[in-house]
Amino acid sequence: MSDTESGIFAAAELGNSIDKDSYSAEVETLRVELLNLQFDLKDQDFSVVILLAGDDRPGAIAAARKLHEWIDSRHIETNIMFEGGSEPEEKRPVLWRYWTRLPRDGRISLFLGAWPALLVSTALEEKWEAQRIDTTIEHMARFERELTRDGTLVLKFWFHLPRAEHEARLADAAQHPERSWQFEQRDWEILKNYQPGLEIVEQVLRGTNTPEAPWFIVESTDAQFRDLTLGRTLAAALKSRIE
């Protein structure tokens, strides 16, 4: 039995995958659809915020790169924010660093890591008590409510790997560092704190999942399934909002 079999991550541990031929056939249609929707978005009176986070940090980065291949990168701002802020940002309220990076109407901002990743890593490192975690989650939820009330389309994706897959990938990375450039020390920290980390993540996702700013938990074991799920979800959300 996996650690998350009875939790919200159970559906992201089913071994979902897509074969190469099916992937290639769908990507061509999906890419055209995304480009057309992005073109239509330019004339809309709302912006789009896409948040990519997860215990599969390299997977989130790879998914962001794939999204850049499928849409026009000139009209998307990407913010890689797995760590804390700069020195000036650290002197301001935590959410200020995200407010300053929000897109104008008709554009997309992509955030990697950002507020949920910062909360989880800091809570683990500093051993936060439950009350502080709850308070911070409420601040995050309020921030997202303000975005959606202002008309922003907010889509949040959590890329999940089962523990066994984490262990296998990091074991291979340790044995073959020359081909494992995408891994960093923080990935070993994620594995070290896997179960307590997921418990905090589950609190975050449950506390900030709303119809206006939903979370999509995506199984990240198969890269093709991961990327298509991201692309399909984004296309459906844009189409629904624009139409």
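Note that the coordinates shown come from a computational prediction; the quantities given were computed from them, not determined experimentally. (Residues numbered from 1 in each chain as written. Predicted model: local features only at pLDDT ≥ 70, side-chain atom pairs only at ≥ 80, totals over all residues. Heavy atoms only, no water.)

(A) Layout of the nonpolar core. Residues Val48, Ile50, Leu52, Leu110 and Phe157 are the most contacted members of the largest nonpolar core, which totals 35 residues. Of all the elements in the fold, those that place two or more residues in this core are helix H1 (20-41), strand E1 (48-54), helix H2 (57-70), strand E3 (108-113), strand E4 (153-160) and helix H10 (223-242). In terms of residue count, the dominant contributor to this core is H10 (seven residues). Contact partners of Leu52, with chain neighbours within four places excluded, come to Ala60, Ala63, Ala64, Leu110, Phe111, Leu112, Gly113, Phe157, Phe159 and Leu230. (Core = buried A, V, L, I, M, F, W, Y, C linked by side-chain atoms within 4.5 Å. Buried < 20%, exposed > 50% of the residue type's maximum accessible area, 1.4 Å probe, protein only. Helix = DSSP H or I, 4+ residues; strand = E, 2+ residues; numbered from the N terminus. Contact = heavy atoms within 4.5 Å.)

(B) Summary view of the environment of Arg169. Take Arg169: it is sitting in helix H7 (residues 163-175). Through-space distance from the C-alpha of Arg169 to that of Leu118 is 23 Å; in sequence the pair is 51 residues apart. Apart from residues no more than four positions distant in its own chain, Arg169 is found in contact with Asp56, Leu161, Phe183, Ser220 and Thr221. Within the structure, the side chain of Arg169 is placed 2.8 Å from the backbone oxygen of Thr221, a separation counted as a polar contact. (Polar contact = N/O pair within 3.5 Å; in protein donor to acceptor, adjacent residues only side chain to side chain.)

(C) Expanded view of the packing of aromatic side chains. One pass over the structure, following the stated rule, counts 10 aromatic pairs. With centroids separated by 5.1 Å and ring planes inclined at 85°, the aromatic side chains of Trp99 and Phe143 adopt a geometry described as edge-to-face. Of this pair, Trp99 sits in helix H4 (residues 96-99) while Phe143 is found in helix H6 (residues 130-149), placing the two residues 44 residues apart along the sequence. Taking 5.0 Å as the distance between ring centres and 85° as the angle between the ring planes, the aromatic pair formed by Trp115 and Phe143 counts as edge-to-face. Separated by 28 residues along the polypeptide, Trp115 in helix H5 (residues 114-126) and Phe143 in helix H6 bring together distant segments of the chain. What makes Trp115 buried here is its relative accessible area of 3%. Judged by relative accessible area, Phe143 falls into the buried class, the value being 1%. These aromatic residues form a ring-pair network of at least three members: Tyr98, Trp99, Phe111, Trp115 and Phe143. The residue whose ring lies beneath Arg92 is Trp96, and the NZ or CZ to ring-centre distance is 4.2 Å. (Phe/Tyr/Trp six-rings, centres within 6.5 Å; stacked < 30°, edge-to-face > 60°. Lys NZ or Arg CZ within 6 Å of the ring centre and 35° of its normal.)

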